[in-house]
Amino acid sequence: MSTAGSSLTDLAAGIYVYDQTGSAFLVGVTLMATAVPSLVGAGLLAAIDIRLAFWIDSLTFVFSAGCIWFMKTRVAMDAPEEETSVGVVITNLKIGVRTIWDTPMLRSLFLLGAPVFFSFGLWNVLLLPMAIKVLGGTEFQYGIQEGLTSVGFVLGSLFMARYAGRLATGLWIFVGSLGMGLAGVLYGLSPGIWVAIVWVMVSGFFNSPSAVARQTLLQRNTPRELRGRVFSALFVMRDVIFLLGMAGAGLADVIDVRVMIVLASLILVVVALAALVAPGVGRPAAEWRRGLSHLRSTAPAGVGDVRPATRGDFDRLVGRLATFTRLSDPQRTAFIKNALVREVPEGARLVTHGDKASAAYFILEGEAAAGIPEPDGGYRGLSTMGSGDVFGEIAALTGSPRTADVVATRPSRLLEVPAEALRGVMGIPEVNKLLLSTLTERLLRSNQPDLPRLATMDQAALRDLRTKAPTVEVLPRAYDGGS
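If you're wondering where the values come from, they're calculated on a predicted model, not measured in any experiment.

Moving on to the overall build of the protein chain. Looking only at helices and strands, the protein chain has 18 helices and nine strands in total. Looking at the 483 residues of the protein chain, the share that counts as buried comes to 49%. Sequence-distant contacts, at least 24 apart, represent 83% of the contacts inside the protein chain between residues at least 6 apart. Accessible area for the protein chain stands at about 22,500 Å²; split by element, carbon and sulfur atoms hold 65% of it.

Here the focus is empty space enclosed by the protein. Taken as a whole, this structure holds three cavities of 30 Å³ or more when the rule is applied. In this structure, the second largest cavity occupies an estimated 40 Å³ of space. Lining of the second largest cavity is provided by Leu 109, Phe 110, Gly 113, Ala 114, Phe 117, Arg 214, Leu 234, Met 237 and Arg 238. Per-element tally for the lining of the second largest cavity: the top contributor is helix H6 (residues 104-134), with five residues.

Here the focus is a nonpolar patch on the surface. The grouping of Leu 251, Val 254, Ile 255, Val 259, Leu 263 and Leu 266 at the surface amounts to a nonpolar patch, some 510 Å² of accessible area in total. The residue Val 259 is located in helix H11 (residues 257-275) in this model. Val 259 sits in the partly exposed class, given a relative accessible area of 40%.

What describes a pair of aromatic rings is the distance from one ring centre to the other and the angle between the planes of the rings. In total, this model carries 12 aromatic pairs according to the counting rule given. The structure contains a cluster of three or more aromatic residues connected by ring pairs, namely Phe 159, Tyr 163, Trp 172, Phe 205 and Phe 206. Arg 107 extends its terminal NZ or CZ atom over the ring of Trp 101, reaching a point 5.6 Å from the ring centre. In this structure, Arg 162 is placed above the aromatic ring of Tyr 163, and the distance from its NZ or CZ to the ring centre is 5.1 Å.

Further remarks concern the packing of helix H7 (residues 139-163) against helix H9 (residues 193-221). One can describe the packing of H7 onto H9 by two numbers: an axis separation of 7 Å at closest approach and a directional angle of 35°. In the packing of H7 onto H9, the handedness of the crossing is right-handed. Taken together, the residues that form the contact of H7 with H9 break down as 16 nonpolar, nine polar and no charged.

Judged by pairing direction, the sheet is antiparallel, and its five strands sit side by side in the order S1-S2-S9-S4-S7 without closing on themselves. Lying at the two open borders of the sheet, with one neighbouring strand each, are strand S1 (305-308) and strand S7 (390-391). Bridging between strand S4 (residues 359-365) and strand S9 (residues 412-418) involves six bridges; their strand directions are antiparallel. Its bridge partner being in S9, Glu 365 is matched across the sheet by Arg 413. The sheet strands contacting helix H13 (residues 311-320) are S1, strand S2 (340-344), S4 and S9, and the helix crosses S4 at an angle near 75°.

With that out of the way, let us pick up the nonpolar core. Counting residues in hydrophobic clusters, the biggest one holds 32 residues, and the most contacted among them are Ile 100, Leu 109, Ile 173, Val 230, Leu 234 and Val 281. Counting only elements with at least two residues in this core, the list comes to helix H5 (86-102), H6, helix H8 (169-188), H9, helix H10 (227-248) and H11. Here this core gets eight residues from one element, more than from any other, and that element is H6. Apart from the residues within four sequence positions on either side, Leu 234 is in contact with Ile 100, Phe 110, Arg 214 and Leu 218. In this structure, Leu 317, Leu 321, Ala 360 and Met 426 belong to the second largest nonpolar core, which totals 28 residues.

On to the confidence of the model for the protein chain. Predicted confidence across the protein chain gives a mean pLDDT of 76, with 70% of residues reaching 70 or more. Mean pLDDT across the elements of the protein chain bottoms out in helix H1 (residues 2-21) (37) and peaks in H11 (94). Every residue in residues 1-36 is under pLDDT 50, and counting partners more than four places away or in other chains gives 59 contacts.

Relative to S2, S1 is paired through four bridges, and the arrangement is antiparallel. What sits directly across from Val 306, in S2, is Arg 342.

Evaluated as defined, the whole model comprises 10 salt bridges. Of the charged contacts, one joins Asp 313 and Arg 307 as a salt bridge, the two residues approaching to 2.8 Å between their closest N and O atoms. Ionic pairing is found between Arg 410 and Glu 367, a salt bridge with its closest N-O pair at 3.8 Å. Of this pair, Arg 410 sits in the loop between strand S8 (405-408) and S9 while Glu 367 sits in the loop between S4 and strand S5 (368-373), and the two are 43 residues apart along the sequence. Of the residues examined, Glu 367 reaches a relative accessible area of 13% and is grouped as buried. Salt bridges sharing partners connect three or more residues here, namely Arg 307, Asp 313, Arg 316, Glu 343, Glu 365 and Arg 413.

Packing of H6 against H11 leaves a shortest axis separation of 9 Å and a crossing angle of 155°. On the basis of the axis angle, H6 is roughly antiparallel to H11. Of the two elements, H6 crosses H11, and the hand of that crossing is left-handed. Facing Leu 112, Pro 115, Val 116, Phe 118, Ser 119, Phe 120, Leu 122, Trp 123, Leu 126, Met 130 and Val 134 of H6, the residues of H11 in contact are Val 257, Arg 258, Met 260, Ile 261, Ala 264, Ser 265, Ile 267, Leu 268, Val 271, Ala 274 and Ala 275. Within the contact of H6 with H11, the residues separate by chemical class into 19 nonpolar, two polar and one charged.

Attention shifts here to the side chain of Arg 402. Looking at the secondary structure, you find Arg 402 in the loop between helix H15 (393-398) and S8. No salt bridge is formed by the buried Arg 402. Its closest oppositely charged neighbour is Asp 355, at 6.7 Å. A polar atom in the side chain of Arg 402 sits 3.0 Å from the backbone oxygen of Ala 359. Apart from the residues lying within four places of it in its own chain, the contact partners of Arg 402 are Val 351, Thr 352, His 353, Gly 354, Asp 355, Lys 356, Ala 357, Ser 358, Ala 359, Tyr 361, Gly 392 and Ala 395.

This part is about helix H14 (residues 329-336). Arg 332, Phe 335 and Ile 336 are the residues of H14 that are buried. Each buried residue of H14 sits inside an arc of 80° when the element is viewed along its axis, so together they form one side. Buried residues belonging to H14 abut H13, S4, S9 and helix H16 (419-424).

What counts, and where the lines are drawn
The written sequence of each chain sets the order in which its residues are numbered from 1. The predicted origin of the model limits local features to residues at a pLDDT of at least 70 and limits the giving and counting of side-chain atom pairs to 80 or more, whereas totals for whole chains, interfaces and linings rest on all residues. The side-chain quantities take in all heavy atoms of the structure and omit both hydrogens and water. The helix and strand labels rest on DSSP assignments: H or I over at least four residues marks a helix, E over at least two residues marks a strand, and numbering proceeds from the N terminus. Relative accessibility under 20% of the residue-type maximum defines a buried residue, over 50% an exposed one, and the middle range a partly exposed one, all with a 1.4 Å probe and only protein chains included. Whether two residues touch is decided by their heavy atoms; if any such pair falls within 4.5 Å, the residues are in contact. Working definition of accessibility: Shrake-Rupley area with a 1.4 Å probe, residue cover restricted to the visible protein chains. Lining residues are those with an atom within 4 Å of a point, where the points come from a 1 Å grid over the protein atoms alone and group into cavities, where a 1.4 Å probe fits but cannot get out, or pockets, open sets with protein on both sides within 12 Å along at least five of seven lines. Grid points are joined across faces, edges and corners, and a volume is the space filled by probe spheres set on the points. Patches draw on residues past 30% relative accessible area with no salt bridge. Two like charges within 9 Å are joined, as are two nonpolar side chains (Val, Leu, Ile, Met, Phe, Trp, Tyr) within 5 Å. We define a salt bridge as a contact between a side-chain nitrogen of Lys or Arg and a carboxyl oxygen of Asp or Glu at a distance within 4 Å. Here is the rule: rings of Phe, Tyr and Trp (six-membered ring for Trp) pair when centre to centre is within 6.5 Å. Planes less than 30 degrees apart are stacked, more than 60 are edge-to-face, and the remainder are tilted. The criterion is that NZ of a Lys, or CZ of an Arg, lies within 6 Å of the ring centre and within 35 degrees of the ring normal, and then a charge sits over that ring. Whenever a helix is involved, its axis is fitted only over the stretch in contact; in every case the axis is a line through C-alpha atoms, and angles between N-to-C directions fall within 0 to 180 degrees. Each crossing gets its hand from how the near helix is turned against the far one by less than a right angle, where anticlockwise is left-handed and clockwise is right-handed. Throughout, the ten residues Ala, Val, Leu, Ile, Met, Phe, Trp, Tyr, Cys and Pro are labelled nonpolar, Asp, Glu, Lys and Arg are labelled charged, and all others, Gly among them, are labelled polar. At least two bridges found by DSSP between two strands are what make those strands a pair. Note on terminology: a nonpolar core comprises buried Ala, Val, Leu, Ile, Met, Phe, Trp, Tyr and Cys residues joined through side-chain atoms within 4.5 Å. pLDDT expresses how confident the predictor is about each individual residue, on a scale running from 0 to 100. Geometric relationships in this document are graded by angle, where less than 35 degrees denotes roughly parallel, more than 145 denotes roughly antiparallel, 65 to 115 denotes roughly perpendicular, and other angles denote oblique. The convention is simple: Lys and Arg are positive, Asp and Glu are negative, and His and the chain ends are not counted. By the criterion applied in these results, polar contacts are pairs of N or O atoms within 3.5 Å in which, for protein atoms, one can donate a hydrogen and the other can accept it, and in which residues neighboring in sequence qualify only through two side-chain atoms. Arc, as used here, means the arc of the directions from the helix axis to the C-beta atoms.

Below, the structure is given as structure tokens:
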């Protein structure tokens, strides 16, 4: 329905507020002030005359178009960076799809997400006949049901803002999917509309941990220079699968609606169980405790073999971070002139919170965990980093003390780059953008729970999709730490 489209637009507005401010509270306020009233209002209008909802919804789009036209005539717009063609868009989508399939973490997220979005497609169509035909609700009660689903999502977002750091990110996918699935089963078995409304609100609550965790893992494991292409490809595939789920809801003509609801919910339960063992996503409690144990260990920094960096090591870095293809030959030579390669065993402490810094580290192979120590011996903002990630850049670029403890959670190979060499490449716009964006994210995370911004289809991603990929860019077959 068109009114549902307006509500999703309001949801996107809330996510945009989060994107700009990093505040889950503002997301909640935005959703409470927009999506919820629009959904409940749609139910009231439908109770009066269903056509009113469509007329008002149409007028909101006309109003938005007028605002855009006003901005276009009053505000100077940047000229397009270059011509865009259908061929360029298709080529970039192919790059995104290939990167998803060749990267174990991204492939796992897609394979886990596909049945979820199919289930959501089923739910999107089945909720209306379930509420009105099966449970005997009114259009107004259906509007309340939809509105309180958003309330549940808001409460889940606020919960994640406070407690996201308590579990490994992948485990939140398990928790969220399992919670949605069980709540959905109970919704399908509900004896009346008000009981059903409670369960659908609970389902909305558990939607937030799953969504936030998925977007967090996507951002952490997608090379920055490929995010626009990867996210765009994911959005296209997501929407296609969602539409297939909506089409599948037509089976409700021959299968009982309650049965369809329960089956759609059981899909989410299966996804939750699969998330526990999916490569890269599943973080069993034992592995989580192992990361904390390494952070609490007393292994000294600098453990492992050390040798001077070579051009081969730089080429390996380019295979992880294609942005560094922008360096000229003299710049590459200067970048690795005094750089070192460290082979470190699992458990080695790489940097310590509060220490002085003279270098940054790029992970060529392996994995590391970072956390901010707390007085009670725990760690806040625990996160993992893999091949292609950089750490220690804040202290190296600013001269400030180290902001976190970092330990190797697997045998790793690190490229240690002196602060002077790192500053020397900051004049290259693409490298400057990469390092400053990383630095900004880390500074925000140092003062907030481990809840990176939600990835949205913003203008930067769209512009990246429309821009022809540089021919010099080296696109590795996998970003999984392999040679």
